[in-house]
Amino acid sequence: MAKLTLDDTLTAPEDFVLDTLTSVSTADQWTPHRPDRPEKSEGGQRFQCVSEYSPKGDQPQAIAELVEGLKGEERDQVLLGATGTGKTFTMAKIIEAVQRPALILAPNKTLAAQLYGEFKSFFPNNAVEYFVSYYDYYMPEAYVPRTDTYIEKESSINEAIDRMRHAATRSILERDDVIIVASVSCIYGIGSVETYTAMTFELKPGDIADPRAVMRQLVDLQYTRNDAAFIRGTFRIRGDNLEVFPAHYDDRAWRIGFFGDEVEQITEFDPLTGKTMTELKSVKFYANSHYVTPRPTLNQAVVKIKAELKERLAWMEKEGQLLEAQRLQQRTEFDLEMLGATGS
């Protein structure tokens, strides 16, 4: 028996929230922080469930009742059914009926991958994305003071999953017809959506932009320049052209042609063959890392880290923990240098 809970409060209409706020007295009124979001470049598309089957048995009744509950702003609803009774198909029909973005949480990567494949087949014309941890293997760093033994962190990142995470994030911010299939652990450690969206920038033909300034912006977004190996998350210069391999693509890249300080043309091309695929009216650059941080916030954090380090070192020296103090100072100063140089 499987259990699925729908949380209607995550996508409650803004009018409902505003009505709730206006009912509170002026003295006690609290307004949530909701900065303006950029306009969606691919908004307006509708969900379309493609299947040779139609709802049968108890499915039509279940779909009607769950849709009615969503419209009535029910906080929690449960769909029960044995294995093979068509719960995934039922949920696909519900998503099509309500025309709202959906977040599907699975307890592990294996089940998430299975659900991703099924929803991808039901919605071939919509953005079905996969968002799970990108580590194939991870062992945190460790230090044993008694023997002065330091064990470095070891990790192996799956590039394909990392690209899919970036594609999922971009789809949320650029489209309305989005279904995200994720593991439960995906909600931990991710950055602020306000910070992430604030770090984006857009280019279109006719814009006045210094190529060197554009490259500095790309570096701020954790892109690296690599003229030899053009891979995902890098950019390179070819004459008057700036070529960028976006973090959310694996088979397409962008070529921005400059005429002096003016963007003359933007095209999409195959990074393997260099063949131009199509001409673009505009492109929006998203960060190459979900943990990108604006420079003012970074500088503020560095000052506080230094103050806390000084306080901690004084306590350790007072307690006679000289070896630990030396190790802490060495590691922290190294991390501070990395933050200042690379932003992460």
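See the structure printed just above.
Residues numbered from 1 in each chain as written. Predicted model: local features only at pLDDT ≥ 70, side-chain atom pairs only at ≥ 80, totals over all residues. Heavy atoms only, no water.

Enquirer: What is the right way to look at the overall build of the protein chain in this model?
Expert: Helix and strand counts for the protein chain come out as 9 helices and 17 strands. Counting across all 344 residues of the protein chain, residues that qualify as buried make up 37%. Partitioning the contacts of the protein chain with sequence separation of at least 6, the portion at a separation of at least 24 is 62%. Carbon and sulfur atoms provide 52% of the accessible area of the protein chain, an area that totals close to 21100 Å². (Helix = DSSP H or I, 4+ residues; strand = E, 2+ residues; numbered from the N terminus. Buried < 20%, exposed > 50% of the residue type's maximum accessible area, 1.4 Å probe, protein only. Contact = heavy atoms within 4.5 Å. Areas by Shrake-Rupley, 256 points an atom, 1.4 Å probe, with all protein chains shown as cover.)

Enquirer: Even after reading the chapter, I still don't get the sheet that holds strand β4 (residues 127-131), so can you show me in this structure?
Expert: Strand pairing in a sheet is mediated by backbone hydrogen bonds. Such pairs are either parallel or antiparallel. Reading across from one edge, β3-β9-β4 is the order of the 3 strands in this open sheet, with parallel pairing throughout. Each end of this open sheet is capped by a strand with a single partner; those strands are β3 (102-106) and β4. Between one strand and the next, the sheet's axes are offset by a mean angle of 20°, whatever the strand orientation. Relative to strand β9 (residues 178-183), β4 runs parallel, the two being bridged by 5 bridges. Its bridge partner lying in β9, Tyr 130 is registered against Val 181. Strand contacts of helix α4 (residues 109-122): β3, β4 and β9, with the helix running at about 170° to β4, the strand carrying the most contacts. Strands in contact with helix α5 (residues 159-174) are β4 and β9; relative to β4, the strand with the most contacts, it is inclined by about 135°. (Pairing = 2+ DSSP bridges. Axes fitted to C-alpha atoms, helices over the stretch in contact; angles between N-to-C directions.)

Enquirer: Looking at this model, I keep getting lost on the side chain of Arg 255. Mind explaining?
Expert: Within the fold, Arg 255 resides in strand β14 (residues 253-259). According to the relative accessible area criterion, Arg 255 is buried, its value standing at 15%. Within the local environment of Arg 255, its side chain forms a polar contact with the side chain of Glu 243, the two groups lying 2.9 Å apart. Not counting residues within four places of it along the chain, the set of residues in contact with Arg 255 comprises Asn 241, Leu 242, Glu 243, Gln 265, Ile 266, Thr 267, Phe 269, Gly 274 and Thr 276. (Polar contact = N/O pair within 3.5 Å; in protein donor to acceptor, adjacent residues only side chain to side chain.)

Enquirer: Help me understand the sheet that holds strand β16 (residues 276-279), please; the structure alone is not making it clear to me.
Expert: If you trace the 6 strands from one edge of the open sheet to the other, you get β11-β12-β13-β14-β15-β16, paired in mixed fashion. Looking at which strands have only one partner, the edges of the open sheet turn out to be β11 (224-225) and β16. Relative to strand β15 (residues 262-269), β14 is paired through 7 bridges, and the arrangement is antiparallel. Of the residues in β15, the one forming a bridge with Phe 259 is Glu 262.

Enquirer: Would you explain helix α9 (residues 322-342) in this entry?
Expert: For α9, which comprises 21 residues, the first-to-last C-alpha distance of 30 Å matches the rise-based estimate of 30 Å (1.5 Å per residue) to within 8%. If you check which residues of α9 are buried, you get Ala 325, Arg 327, Thr 332, Leu 336 and Leu 339. Buried residues of α9 fall within an arc of 165° about the axis and therefore sit on the same side. Summarising the geometry of α9, the exposed residues directed more than 90 degrees from the buried face are Leu 322, Gln 326, Glu 337 and Ala 341. On the buried face of α9, the contacting elements are β6 (142-144), β7 (149-151) and α8 (295-318). With its phi angle positive at about 85°, Gly 343 sits one or two positions after the end of α9. (Expected span 1.5 Å × (residues − 1). Arc of directions from axis to C-beta.)

Enquirer: What is the right way to look at the packing of aromatic side chains in this model?
Expert: Two descriptors summarise a pair of aromatic rings, namely the distance from one centre to the other and the angle between the planes of the rings. A complete count under the given rule lists 11 aromatic pairs for this structure. Between Phe 89 and Phe 122, the ring centres sit 5.6 Å apart and the planes meet at 55°, which makes this aromatic pair tilted. Residue Phe 89 is located in helix α3 (residues 87-98), and its partner Phe 122 is located in helix α4; the two are separated by 33 residues in the primary sequence. Given the relative accessible area of 9%, Phe 89 is considered buried. With relative accessibility at 15%, the residue Phe 122 sits in the buried group. (Phe/Tyr/Trp six-rings, centres within 6.5 Å; stacked < 30°, edge-to-face > 60°.)

Enquirer: Would you explain the side chain of Asp 207 in this entry?
Expert: Among the structural elements, Asp 207 can be located in the loop between β10 (201-203) and α7 (211-220). Among the polar contacts made by the side chain of Asp 207, one reaches the main-chain amide nitrogen of Lys 204 at a distance of 3.0 Å. Among all residues touching Asp 207, those that are not within four sequence positions of it are Glu 202, Asp 261, Glu 262 and Val 263.

Enquirer: Help me understand the pattern of salt bridges, please; the structure alone is not making it clear to me.
Expert: Opposite charge on two side chains permits them to pair, given that their charged atoms come into close proximity. All chains considered together, the criterion is met by 14 salt bridges. Here Glu 174 and Lys 284 are joined by a salt bridge, their closest N and O atoms 3.2 Å apart. Of this pair, Glu 174 sits in helix α5 while Lys 284 sits in strand β17 (residues 283-285), placing them 110 residues apart in sequence. Considered together, Glu 174 and Lys 284 belong to a single accessibility category, that of buried residues. The shortest N-O distance in the salt bridge between Arg 175 and Asp 177 comes to 2.9 Å. Accessibility classification places Arg 175 together with Asp 177 in one group, the buried group. Within this structure, Glu 159, Asp 162 and Arg 232 form a network of salt bridges that share partners. (Salt bridge = Lys/Arg side-chain N within 4 Å of Asp/Glu carboxyl O.)

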